[in-house]
Amino acid sequence: LKALKKVVEEDVVLSESKALNIVLASINYLYALRLYTTEEEHYTLYRAFRGDSALVISSERLNGWRWVPFENGELLVAKVGKPNERFTVKLLDPL
């Protein structure tokens, strides 16, 4: 988490790109981040939950799910197998 925040704060990624959507997983946690500097409608990231055990991250809204959009600079951290054990952090708003 600290390394990801450092990359975002130092503008390593967005100095060369318009956006970054990233999903990372470890044995214990899933991390999902949305960042953009332009074209908000084009660089989207959404999350949806089904019951207590299913979390889906997608760049497009798929049918049959209630999608919640990520805000710009929002990082979601969720416990693997227990998506109700989650929190979000606003890392940075690059706009």
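Located above this text is the structure these notes cover.
Below is a summary of the structure that appears in this document. Chains are numbered independently. Their residues run from 1 in the order of the written sequence. Reporting of local features is limited, given that this is a predicted model, to residues whose pLDDT is at least 70; pairs of side-chain atoms are given and counted only at 80 or more, and all residues count toward the totals for whole chains, interfaces and linings. For side-chain calculations, the full set of non-hydrogen atoms in the structure is used, while hydrogens and water are omitted.

## Digging into the environment of E85
To qualify as a helix, a DSSP run of H or I must reach at least 4 residues; to qualify as a strand, a run of E must reach at least 2; elements of each kind are numbered from the N terminus. Counting through the fold element by element, E85 comes out in strand β7 (residues 82–90). The cut-offs for exposure are 20% and 50% of the maximum accessible area for each residue type, with area from a 1.4 Å probe on protein chains only; residues under the lower value are buried, those over the upper are exposed, and the others partly exposed. By relative accessible area, which is 43% here, E85 ends up partly exposed. A C-alpha to C-alpha distance of 9.4 Å links E85 and D52, two positions 33 residues apart in sequence. Contacts of E85, omitting those with residues within four sequence positions, involve V77, A78 and K79. In this description, contact between two residues means that some pair of their heavy atoms is separated by no more than 4.5 Å.

## Looking at the sheet that holds strand β5 (residues 68–69)
A pair of strands is considered paired only if DSSP assigns at least 2 bridges between the two. If you walk across this open sheet you meet the three strands as β4-β3-β5, and the pairing is antiparallel. For this open sheet the edge positions go to β4 (54–58) and β5, each flanked by a neighbour on one side alone. Strand direction decides the pairing type here: strand β3 (residues 46–50) and β5, joined by two bridges, are antiparallel. For Y46, the partnering residue across the bridge sits in β5 and is P69.

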